[in-house]
Amino acid sequence: MSTAPNMVVGQSKAARWSFNIAVILLCLWVLVPIYLLISNALSAPADVNGFPKKLLPSVNTESVEFFIGFYGVTKALWSSVQVAFLTMVMAVLIGAPAGYALSRFDFRGKSLFRIMILMTRAFPLPLLALPMAIMFIKVGLDDTVFGLAIVHTTLALPFAVLITYSLFSGIPIELEEAAWTLGCNRLQAFIKVIFPLVLPGITASAIFAFVTSWNEVFAAAVLTIENRTLPAFLLQSLDDAPLHLKFAGGAVLVLPALLFLFFVRKYLFSMWGIANR
Amino acid sequence: MAEINIKQVAKRFGKTDALHSIDLTVEDQEFVVLLGASGCGKTTLLRIVAGLETASSGEVHIGGRRVDHLPPKDRGIAMVFQNYAVFPHLTVYENIAFGLRMAKLDEKEIDNRVNRTASLMHIDALLKRYSGQLSGGQRQRVAVARALATEPEVILMDEPLSNLDALLRMEMRAELKGILAQSKTTTIYVTHDQVEAMSMADRIAIMEAGKIIQADTPVEIYRNPAAHFVGSFIGNPPMNFLPAKKMDSSTWQVAGASYHGPASDKSEIQFAIRPEDLIVDANGPLQATVKLVEPLGSHLLASCNVENTLFRVALDSDAQVKAGDTLSLQPMSDRVRWFDTETKLALQ
Amino acid sequence: MQSRSLPYLLLLPATVFLVCFFLYPFVLVAWQAFATDEGEITGKYFNKMVSHWKFEKALYYTLALALVVVPVQLVLSLMMASFVSSMKKGRDLILYIWTIPLGISDLAAGIIWLAIFDQTGFLNSVLYSTGIVDEPVTFLGYQNKGTIFIAVALAEIWRATAIMLVILVAGIGLIPKEYYEAAQVYGANSWQRFTKITLPLLKPSLQTALILRVILAFEVFAVVSALGGTNLPVLMGEVYNRQFVLQDNHTAAAFAMLILFISIISTVFFMWALRTPKGVKA
């Protein structure tokens, strides 16, 4: 992806310095707020509520322990994991076959399906929580982990379809055809040739689905009461919870997502880039 | 015994006809090349034989068995793809063994065959490598080895050499020809490279716009093109064509001189001659004005103007010719060919 | 080997899912906005929505936030994207850092900026320690809508620039290097190369990025909740209040229709404004 206009030829020293400084400032702009959150989460509650703040944390797990021990937190964490896991499984299992079909076949209705997928982009999807709340009451899925996972899957599915579509499209069809001429049927060719090649990408798209669900607030808050996920729990305790609970909660919310993103960083651009075209 | 019979095979993509009722028989152990420009339908035809594409109508028989309803794996074929399609997640060894494992051969036989074909293709040393660690030429060899290892009755090759550089292509061309002759398989080979076709084929099928125009031996195709298209496509540079006006029953006037030609009731037909079949002769009937001279080493190519038509002449590389000269040329009488202006077919 | 029914079979689960849980619910929510529980068509829920004293403020703040945040993000992401594409060393690391906010939820972003803007937060600490203020300022109190607005805008810019950046970096990656070299040969300086090559060829990516981003901006909710509570009303917050706190499904649906409406308007606008003429492809 080396596309750039060549900045080095004829570039002055001053220009290079201001370029470097701008890049570093932008890095700080991203990193400092995260540092401050984590610094807060690793400070004792007294320091978190005290004033003025120290820039170095006291490194003390009291806030985190308080958060974990707080009524409803472990349950919310568990709900979050369940919902995110279900979302991940459903998004990949439903999305990947569609992505494969789009990449390998020409058929009537293909563009209609693509339009439907792209339409989901132009709609504020969290609003789906409203009608779903009513639908779920009718079928007994209200306030359930599974019900929320369905809404989150709607959020994650279009991405899963487009990402797997680009993954499958990236694998030359000749590889599959070669397998067919060497004695495989369609399923065998898929299992022996295509699947091993897309597995890392599928894993990355699964992680994306997981993070999508893990981070979602609005639908989770509207659709759950007893089975609140962590974001829904935090949202509802914003008014009355002490500061150290919020910051510890925020840190617990942020860290897994960062970790996951680190593992899929290689796929970030191919996925978001292509999926968004 | 694996003869391939293609009977009235047609293929439509939507409203366009990619193939118009193709008939072609490939004899057992014969090497047939499908030659044509891109988009002429040659690859589609090959893929229909392989079972990767379904014909809109017609039948395909391999070894006397009708196969057009069978999936590729049940047709007894092997195929070599243009981009090699060497599985990137498997070693060279496992790539060659792939078809053998699918056929559930025992481990000893697989090992034997992999080693045998690998040494035949000179890739013994690469067996543990992955495709990412191979050069284009090596990948090509793996792809051929993988096809040969299954000992198929029929090998289908889709422009297998087109991604190699010129020197390597020439080397592989000769090697492939030898290996395929030895393996006694029936081969259909698709290419757009006429030199490749001429040098390798027992028989060449020239395709244009979804039709086979002529299927014959390389020399016959070169010497006796069945249609105007074949003459203008084969040969580098291709045949020269000039309009011929009727004088009497079988005498035709070409660029001011008269020639004995075929009997035809048409008032105008076409005269054709290859650039190398012209002799410079002070008494020659054809007057050609030289426009451009290209020294090509083995010979010298002069692009001339005869009656406002481009006319190429291959001359000896020592010939002293420059732009603006006028050449008097004598066509070699046994090499002159005639074509119908309307049907574009050869006239006897 | 082409089986006619196979593609349909593969698409079936996704289609059924989207019809049941995407298309149908949107019909349902529209129905809720326009009809009573008894099925009578009515405009009263929209009247109720419009006549609420928070309506105008919620609409105003939502649109104002989008208008402030999105242009800043556009400039910032374009700048970052061209920085990244002119880097050789450290490119991957810088990109990873700049895209970290992609993984951060809007709620977490709100909490992160709460740590800065809170009365006992880091901003006050710095201002106090350096003697600029004598006592901590209440940035996020109900009487300081202006500073809440700034805090929310900063948090949004911080959080959601990354998604535009990723789309734009991927888009720039598709522009062949030769175009820049050709432009350079004909004498274009780096600014001219940016405006005459990058921007026009980046149009499809810009379009996607803007559509996606503006719709997300209209959905702004958790950041506002974390930073301003109910002091800064926004449309999505009103939907939440109606639905969850007041249990008034119909008016919530009316608000939803409004958000949907402005989302579609903006999508159509960007599709028109950044359309690519036929035959032009990067």
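Residues numbered from 1 in each chain as written. Chains lettered and ligands numbered in written order. Predicted model: local features only at pLDDT ≥ 70, side-chain atom pairs only at ≥ 80, totals over all residues. Heavy atoms only, no water.

J.: I keep staring at the overall build of chain A and nothing clicks. Help me out?
T.: Each helix and strand counted, chain A has 13 helices and 0 strands in total. For chain A, the succession of helices and strands along the chain, N to C, is α-α-α-α-α-α-α-α-α-α-α-α-α. The dimensions of chain A, computed from C-alpha atoms along their principal axes, are 70 × 70 × 35 Å. Across chain A, contacts joining residues at least 24 apart in sequence account for 70% of those joining residues at least 6 apart. Only carbon and sulfur atoms are counted for the fraction: they give 70% of the accessible area of chain A, which is about 11300 Å². Separation of charge centres in chain A, based on 18 positive and 13 negative side chains, amounts to 12 Å. (Helix = DSSP H or I, 4+ residues; strand = E, 2+ residues; numbered from the N terminus. Contact = heavy atoms within 4.5 Å. Areas by Shrake-Rupley, 256 points an atom, 1.4 Å probe, with all protein chains shown as cover. Lys, Arg positive; Asp, Glu negative; His and termini not counted. Charge placed at Lys NZ, Arg CZ, Asp CG, Glu CD.)

J.: How should I be thinking about the domain arrangement of chain C in this particular structure?
T.: Size of an interface, as often reported, equals the accessible area lost when the parts are brought together. All names here are of chain C. Along its sequence, chain C is carved into domain 1 (1-42) and domain 2 (54-110 + 159-273). Taken together, the contact pairs 9 residues of domain 1 with 7 residues of domain 2. Taking both partners together, domain 1 and domain 2 bury about 580 Å²; carbon and sulfur atoms supply 71% of that area. Looking only at domain 1, the three residues that lose the most surface to domain 2 are Val-29, Gln-32 and Ala-33, adding up to 61% of its buried area. Linking domain 1 to domain 2 there are 0 salt bridges. On the surface where domain 1 and domain 2 come into contact, there are 3 residue pairs in polar contact (both at pLDDT 80 or more). Per-class residue counts for the side of domain 1 that touches domain 2 are 6 nonpolar, 2 polar and 1 charged. (Domains from an automatic or database assignment. Buried area = accessible area lost by both parts, 1.4 Å probe. Salt bridge = Lys/Arg side-chain N within 4 Å of Asp/Glu carboxyl O. Polar contact = N/O pair within 3.5 Å; in protein donor to acceptor, adjacent residues only side chain to side chain. Nonpolar A, V, L, I, M, F, W, Y, C, P; charged D, E, K, R; others polar.)

J.: Just checking my understanding: could you explain the pattern of salt bridges for this structure?
T.: Any two side chains of opposite charge can pair if their charged atoms end up close together. Residues and elements named next belong to chain B. For the structure shown, the criterion picks out 23 salt bridges over all chains. The residue Asp-68 makes a salt bridge to Arg-66 at a minimum N-O spacing of 2.8 Å. Overall, the relative accessible area of 38% leaves Arg-66 in the partly exposed class. Residue Lys-73 is joined to Asp-74 by a salt bridge in which the shortest nitrogen-to-oxygen separation is 3.6 Å. For Lys-73, a relative accessible area of 32% corresponds to the partly exposed category. Beyond isolated ion pairs, a larger network of salt bridges with shared partners links Glu-109, Arg-113, Arg-116 and Glu-151. (Buried < 20%, exposed > 50% of the residue type's maximum accessible area, 1.4 Å probe, protein only.)

J.: I'm lost on the environment of Val-166 of chain C in this one. Help?
T.: Relative to the helices and strands, Val-166 of chain C resides in helix H7 (residues 145-173). Along the primary structure Val-166 of chain C and Ser-82 of chain C are separated by 84 residues, whereas in three dimensions their C-alpha atoms are 12 Å apart.

J.: Sorry, what's going on with the domain arrangement of chain A here?
T.: All names here are of chain A. Per the domain assignment, the segments making up chain A are domain 1 (13-64) and domain 2 (66-275). Each of domain 1 and domain 2 has a C-alpha centre, and the two are 31 Å apart. Roughly 940 Å² is buried in total at the junction of domain 1 and domain 2, and carbon and sulfur atoms are behind 73% of that figure. Contact with domain 2 buries area across many residues of domain 1, yet Leu-37, Ser-63 and Val-64 alone supply 44% of it, more than any other trio. On inspection of domain 1 and its partner domain 2, the count reaches 0 salt bridges.

J.: What should I look at first to understand the interface of chain A and chain C in this one?
T.: Taken together, the contact between chain A and chain C spans 95 residues of the former and 104 residues of the latter. Both sides together, the interface formed by chain A and chain C hides about 9000 Å², and carbon and sulfur atoms give 81% of it. Run the count over chain A and chain C and you get 0 salt bridges. Taken together, chain A and chain C are joined by 5 residue pairs in polar contact (both at pLDDT 80 or more). The leading source of residues in the side of chain A that touches chain C is helix H1 (residues 13-41) of chain A, at 14 residues.

J.: What am I meant to see in a nonpolar patch on the surface here?
T.: Residues and elements named next belong to chain A. Taken together, the side chains of Trp-17, Ile-21, Ile-24, Leu-25, Leu-28 and Val-32 present a nonpolar region at the surface, about 600 Å² in accessible area. Turning to its location among the elements, Trp-17 is positioned in helix H1. Look at Trp-17 and you get exposed, because its relative accessible area is 55%. (Patch = residues over 30% accessible without salt bridge, like charges linked within 9 Å, V, L, I, M, F, W, Y side chains within 5 Å.)

J.: Please explain unusual backbone geometry as it appears in this structure.
T.: Trans peptide bonds make up most of the peptide bonds, and negative phi angles are found at most residues other than glycine. Residue and element names in this part refer to chain B. Asn-236 connects to Pro-237 through a cis peptide bond whose omega is 0°. Mapping Pro-237 onto the fold places it in the loop between helix H8 (228-233) and strand E11 (240-248). Of note, Glu-307 is a non-glycine position whose phi angle comes to about 50°, a positive value. In this fold, Glu-307 is placed in the loop between strand E17 (300-306) and strand E18 (309-315). Classification of Glu-307 by relative accessible area gives exposed; the value is 52%.

J.: Can you walk me through the side chain of Arg-203 of chain B in this structure?
T.: All names here are of chain B. Looking at where Arg-203 falls in the secondary structure, it is placed in strand E9 (residues 203-208). When its relative accessible area of 19% is taken as the criterion, Arg-203 is described as buried. A distance of 2.5 Å separates the side chain of Arg-203 from the backbone oxygen of Thr-25, its partner in a polar contact. With residues up to four places along the chain from it excluded, the contact list for Arg-203 reads Thr-25, Val-26, Glu-30, Phe-31, Val-32, Val-33, Ala-215, Asp-216 and Thr-217.

J.: So what exactly am I meant to see when it comes to the sheet that holds strand E6 (residues 77-80) of chain B here?
T.: Two orientations exist for strands paired in a sheet by backbone hydrogen bonds: parallel and antiparallel. Residues and elements named next belong to chain B. Pairing in this open sheet of 6 strands is mixed, and the strands run E6-E7-E8-E3-E9-E10 from one edge to the other. Each edge of the open sheet is held by one strand with a lone partner, namely E6 and strand E10 (211-216). Averaged over neighbouring strand pairs, the angle between their axes works out to 20° when direction is ignored. Two strands pair when backbone bridges link them, and strand E7 (residues 154-158) and strand E8 (residues 186-191) are joined in this way by 5 bridges, in the parallel orientation. Residue pairing in the sheet places Leu-156 in a bridge with Ile-188 of E8. Contacts between helix H5 (residues 166-183) and the sheet are confined to strand E3 (31-35), E7 and E8, with E7 contributing the most and set at about 160° to the helix. (Pairing = 2+ DSSP bridges. Axes fitted to C-alpha atoms, helices over the stretch in contact; angles between N-to-C directions.)

J.: What's the story with the nonpolar core in this structure? I'm lost.
T.: A general trend in soluble globular proteins is that nonpolar side chains are found buried together. Ranked by internal contacts, the top residues of the largest apolar core, which has 249 residues, are Trp-98, Ile-104 and Leu-107 of chain C. For this core, the leading source of residues is H7 of chain C, giving 17 residues. Not counting residues within four places of it along the chain, the set of residues in contact with Trp-98 of chain C comprises Val-23, Leu-26, Cys-27 and Val-30 of chain A together with Met-80, Phe-83, Val-84, Ala-162 and Leu-165 of chain C. Listed in part, the 47 residues of the second largest apolar core include Tyr-84, Ala-97, Ala-147 and Ala-201 of chain B. (Core = buried A, V, L, I, M, F, W, Y, C linked by side-chain atoms within 4.5 Å.)

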